[in-house]
Amino acid sequence: MNYYKVLISCGHLGNSKEITVTRYFKAKNIIEAFESGNRMPRAKRKHSHTSVLLVKPIDETSYIDGKFQERTNSYLTINLG
């Protein structure tokens, strides 16, 4: 398995507003990481049909640090019900 940093355009902030969120994935290849990022909740997929802005290979240490940052990000941890 490889590790990837994925930048995703996310919504649910109001009409025509968005935020770029960094997510971290363990995947077989870059395509699988791209698809995982595109399926994330809150991902904005209206006009371009994709919410993924960037997929970058990273090392295991960066992945572990990134997963910790995800757990402390209030936007990612709130429940929309």
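Use the structure listed above.
Conventions adopted
- Residues numbered from 1 in each chain as written.
- Predicted model: local features only at pLDDT ≥ 70, side-chain atom pairs only at ≥ 80, totals over all residues.
- Heavy atoms only, no water.
- Core = buried A, V, L, I, M, F, W, Y, C linked by side-chain atoms within 4.5 Å.
- Buried < 20%, exposed > 50% of the residue type's maximum accessible area, 1.4 Å probe, protein only.
- Helix = DSSP H or I, 4+ residues; strand = E, 2+ residues; numbered from the N terminus.
- Contact = heavy atoms within 4.5 Å.
- Pairing = 2+ DSSP bridges.
- Axes fitted to C-alpha atoms, helices over the stretch in contact; angles between N-to-C directions.

A. Layout of the nonpolar core. Counting residues in hydrophobic clusters, the biggest one holds twelve residues: Y4, V6, I8, C10, V21, F25, A27, A33, M40, A43, V52 and V55. For this core, the secondary structure elements donating two or more residues are β1 (2–10), β2 (19–27) and β3 (52–58). At four residues, the largest contribution of residues to this core is made by β1. With residues up to four places along the chain from it excluded, the contact list for A33 reads Y4, V6, F25, A27 and V55.

B. Quick look at the sheet that holds β3. On the basis of which strands lie adjacent, the open sheet formed by three strands has the order β2-β1-β3 and antiparallel pairing. Every other strand in the sheet has two partners, leaving β2 and β3 as the edge strands with one partner each. Direction aside, the axes of adjacent strands within the sheet are offset by 20° on average. The sheet strands contacting helix α2 (residues 60–72) are β1, β2 and β3, and the helix crosses β2 at an angle near 130°.

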